[in-house]
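Structural overview
Read off the chains here:
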Amino acid sequence: MLPLNMAILKFFTSGKEACRADVQDALRAQYGTFRAFSDKQMDEALQTACSNGLIAENRLEMDSSGNLIIYYKSDQEMIDTIRKYVD
Amino acid sequence: MSNLANAPANALAAKEARDKSFRKKGILIALLSGFLYGGYTAFMTHGMESGVWIDFYGATGIAKGLSAFALIYTLSALGAAVNDLCSAVWSLIYAAIIGRLGDFKRSLRTKPGRILIIAAIIGGPFASTCYVIGLQMAGSIIVPIAALNAAIGAIIGRFLYKQKLSAGMILGIVICFCAAVLIGSTGMTGLSFDGKAVLGMAAAFLAALGWGIEGAVGGYACCIVDYEVAIVIRQCTSGIVNAVILVSILSIMGGDRIGTGFRLLGAALTDGPSIWMFFIAGMFASFSFKFWYKGASMCGAALGMGCNGTYAFWGPFWCFIVIGLVFGVDGYAIPWQGWVGALIMVVGIVILAISQDKATKEA
């Protein structure tokens, strides 16, 4: 089992686009009980990975409650970088 | 590949506000790391002037017969070891409270975990020892050389992780460096450039290199490993390597027996009058170093380490408040260079932050 932040990054090596809720759905079975699995901390982990060029913002949406939803995606160069660190 | 240009205007506005808030938080965290470093410096300094440490430095009591080498080098390493061990305990307790111990164990077996361990050894025992050696051999002229760590971190971030480094950002770093030189200049006396002094300056440059590597590498690692986990790895590594390996090596080098270091370590860890100050210093160190990593991961090495560089002012400031005012020890008042240097540093950080923002928008 990988540490949570590394599992988040590994998820993006598939090359698929995903928002925070998509990542949480994919990882909930293994990491759902982690305190760092909260919306706020997951958002911050994604934004930090984005500001360091491991994932990139790909699409923006507003949900029915007026909340911003950001979809992230990694290109091949980012995927290669993630794979260098995440076994 | 990005579809951001087609996003609704309200979504773009919300994203811009979110980015701004993230950026402000990053700068605040990086500044806080420098501020808390001052608290760590003050309590550790006073801890090393209290209780059993008076015997240590007087070579009396348990420290009777200690070599002159040990009084300079082994005791410095011992102080760092006691502080880092206390800080490791704090970090482990805090990680347990916030539910990160599992990820700590899992991270140790990963490549980023191993990178953090190496960064901790380079920035902890290695750089700190180089700094003390530099001070002893060349005097306080090495303070500005050691302050080059932020510039080195920015260069490493640029080449290793392709982080932004514009002309404006370099100007900001240079201004911060000049401010650190001004603050550190107050203790400069009897400058000389003989062979010993040159070796001391080389040692100080190695210290700056070590801290620069740690800031850039540790900061980047925090986008892969949670910073709450990274700090536990950092402080446990630094504490154990300082206490077990460095203190032993220095004991042998000084002609004292290998057991001398462990004997002094045991005495320091069980000394009531001083250990509580090390526990407070350890708490400050834990938060300061984790915010250093976190700030660099949120802002990039250049801005993160530039903001952290305010420790050059906060160190003397906290010493003045804690040791000078609270404990009533003379000699800790801040000279005018300290205050002017702090103002110049603020200007440097503002230029650095604005330039980085501009460079980000242009990218």
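Residues numbered from 1 in each chain as written. Chains lettered and ligands numbered in written order. Predicted model: local features only at pLDDT ≥ 70, side-chain atom pairs only at ≥ 80, totals over all residues. Heavy atoms only, no water.

Quick notes on the packing of helix α3 (residues 68-97) of chain B against helix α5 (residues 111-138) of chain B
All names here are of chain B. Following both chains from N to C, one finds α3 and α5 inclined at 155°, their axes separated by 10 Å at the closest point. When the interaxial angle is binned, α3 and α5 end up roughly antiparallel. The handedness of the crossing between α3 and α5 is right-handed. Taken together, the residues of α5 that come into contact with α3 (itself represented by Ile72, Tyr73 and Ser76) are Val132, Ile133, Gln136 and Met137. Broken down by class, the residue content of the contact of α3 with α5 amounts to five nonpolar, two polar and no charged. (Axes fitted to C-alpha atoms, helices over the stretch in contact; angles between N-to-C directions. Helix = DSSP H or I, 4+ residues; strand = E, 2+ residues; numbered from the N terminus. Parallel < 35°, antiparallel > 145°, perpendicular 65-115°, else oblique. Left-handed = near helix turned anticlockwise from the far one by under 90°. Contact = heavy atoms within 4.5 Å. Nonpolar A, V, L, I, M, F, W, Y, C, P; charged D, E, K, R; others polar.)

A short note on the interface of chain A and chain B
Quoted interface sizes are often the accessible area lost when the parts come together. Contact with chain A, which involves 37 residues of that partner, is made by 38 residues of chain B. Summing both partners gives a buried area of about 3200 Å² for chain A against chain B, and 54% of it is carried by carbon and sulfur. Together, Gln47, Leu60 and Tyr85 of chain A form the three largest contributors to the area buried by chain A at its contact with chain B, with a combined 20%. Taken together, the links from chain A to chain B amount to four salt bridges. Between Lys162 of chain B and Glu77 of chain A there is a salt bridge, and its shortest N-O distance comes to 3.1 Å. Between chain A and chain B we count 11 residue pairs in polar contact (both at pLDDT 80 or more) in total. Elements with a minimum of two residues in the side of chain A that touches chain B: α1 (4-11), α3 (39-51), β1 (56-62), β2 (68-73) and α4 (76-85) of chain A. The element best represented in the side of chain A that touches chain B is α3 of chain A, accounting for seven residues. In the side of chain A that touches chain B, the residues fall into 17 nonpolar, nine polar and 11 charged. (Buried area = accessible area lost by both parts, 1.4 Å probe. Salt bridge = Lys/Arg side-chain N within 4 Å of Asp/Glu carboxyl O. Polar contact = N/O pair within 3.5 Å; in protein donor to acceptor, adjacent residues only side chain to side chain.)

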